[in-house]
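Next come the chains, spelled out residue by residue.
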Amino acid sequence: MRLRLICALVLGATCQCLSADVHFEKKRLTDVFHSEGAAAGDFNRDGHTDVVSGPYWYAGPTFDVRHEYAPVKSFDPARGYSDNFFAFTHDFNADGWADVLILGFPGTTAAWYENPRENASGHWRRHLVIDKGVDNESPTFTDLTGDGKPELVYTRTAGSATRRPTRRTRRSPGPSTPSPRAASAGRSRTASASAT
Ligand SMILES: [Ca+2]
Ligand SMILES: [Ca+2]
Ligand SMILES: [Ca+2]
C-alpha cells in the first residue's frame, strides 16, 4: 500500500511537470564563429539576464543589442577551434558588477575581464589569471569548498588543479594566444590554490 502511494505521488508529480506550459525560443546571436562557450549574467544591472559569447555581451531580454568588451577575433569552424572555449561570470573585484572569465584554447590561459560599470563603452580591462596549462575537455567554475566563492577546476597533463578568485592578478594589455605546442610544453603536474 505504501509503495503504491509513493508510486502515485511520483507519477502525479511527473505528469504535472510534463503538462507544464513551457516553451523555448531559439535565438541566433551571430552567424560568426567567435567562441565555443557562452555564459549568462546581468552585466548592466537592469534586472534582465544578459549573455556573453566571444568578444561581445548581448543585452537581455531581447539580446538584439550587443556590446564589444574585448578585441574581436573570428574563426573558421571548418579549419579548427577558437581561442575562447569557456566563459563564466563572477564579480571578481567585488564591486557589485558581474565580470567575465574566459578560458582560452585547452592548455592555455584563464583571464577575467573587468566590468567597467555604468555601461562604459570600450574594451574591458583584461586580468591574466593563469598564463598556461588550463586544460581538460570541460573545466568548470564552481564552489568546491562550500564558502560561497567559486573555484576554477581544471586538469593538467597528469594532475588536477583548482584556483580561487583573487584580486591579485596580473594585468595584461591584450589577449594572448599561445600556440597549442607552446601550451603543451608548459604543462606540468602541479596543484595550487591562492585566495585573498
Ligand atoms: Ca542586463
Ligand atoms: Ca566586478
Ligand atoms: Ca569556494
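This structure is a prediction, so every number in the text was calculated from the model and none was measured.

Asks: Give me the overall build of the chain: which residues, what numbers.
Replies: For the chain, the count of helices and strands is two helices and 11 strands. Partitioning the intrachain contacts of the chain with sequence separation of at least 6 by distance along the chain shows that 47% fall at a separation of at least 24.

Asks: Please give an account of the pairing of strand 8 (residues 125–142) that cites residues and values.
Replies: In this structure, strand 7 (residues 108–114) lies alongside strand 8, joined through six bridges in antiparallel fashion. Bridge assignment links Ala 111 to a residue of strand 8, and that residue is Leu 128. Across four bridges, strand 8 lies against strand 9 (residues 151–156) in antiparallel orientation. Following the sheet pairing, Thr 140 is matched in strand 9 by Val 153.

Asks: Account for the confidence of the model for the chain, with residues named and values stated.
Replies: Mean pLDDT over the chain stands at 80; residues scoring 70 or higher make up 72%. Scored below 50 in pLDDT, residues 1–15 shows zero contacts in the model against residues more than four places distant or in partner chains. Counting contacts from residues 173–196, a segment whose pLDDT is below 50, to residues more than four positions away or on other chains yields 48 contacts.

Asks: How would you explain the sheet that holds strand 1 (residues 38–41) if you had to name every residue and give the values?
Replies: Read from one edge of the open sheet, four strands run 1-2-3-4, paired in antiparallel fashion. Two strands bound the open sheet, and with one partner strand each, they are strand 1 and strand 4 (66–68). Adjacent strand axes in the sheet meet at a mean angle of 25° when their direction is disregarded. For strand 1 and strand 2 (residues 50–53), the ladder comprises four bridges, and the chain directions are antiparallel. Among the inter-strand pairings, Gly 41 is bridged to a residue of strand 2, identified as Asp 50.

Asks: Break down the environment of Phe 86 for me, citing the residues and quoting the values.
Replies: Here Phe 86 shows up in strand 5 (residues 86–90). The class of Phe 86 is buried, set by 23 C-beta atoms lying within 10 Å. Sequence spacing of Phe 86 and Ala 38 is 48 residues, and the spatial spacing of their C-alpha atoms is 6.6 Å. Ignoring any residue separated from it by four or fewer positions in sequence, one finds Phe 86 in contact with Gly 37, Leu 103 and Pro 139.

Asks: How would you summarise the nonpolar core if you had to cite specific residues and measurements?
Replies: Counting residues in hydrophobic clusters, the biggest one holds 27 residues, and the most contacted among them are Ala 87, Val 100, Leu 101, Ile 102, Ala 110, Trp 112 and Tyr 113. Among the secondary structure elements, those contributing two or more residues to this core are strand 2, strand 3 (56–58), strand 5, strand 6 (99–103), strand 7, strand 8 and strand 9.

Rules of the game
Residues numbered from 1 in each chain as written. Chains lettered and ligands numbered in written order. Predicted model: local features only at pLDDT ≥ 70, side-chain atom pairs only at ≥ 80, totals over all residues. Helix = DSSP H or I, 4+ residues; strand = E, 2+ residues; numbered from the N terminus. Contact = placed C-beta atoms within 7 Å. Pairing = 2+ DSSP bridges. pLDDT = per-residue confidence, 0-100. Axes fitted to C-alpha atoms, helices over the stretch in contact; angles between N-to-C directions. Buried ≥ 20, exposed ≤ 12 C-beta atoms within 10 Å, placed from the backbone. Core = buried A, V, L, I, M, F, W, Y, C linked by C-beta atoms within 7 Å.

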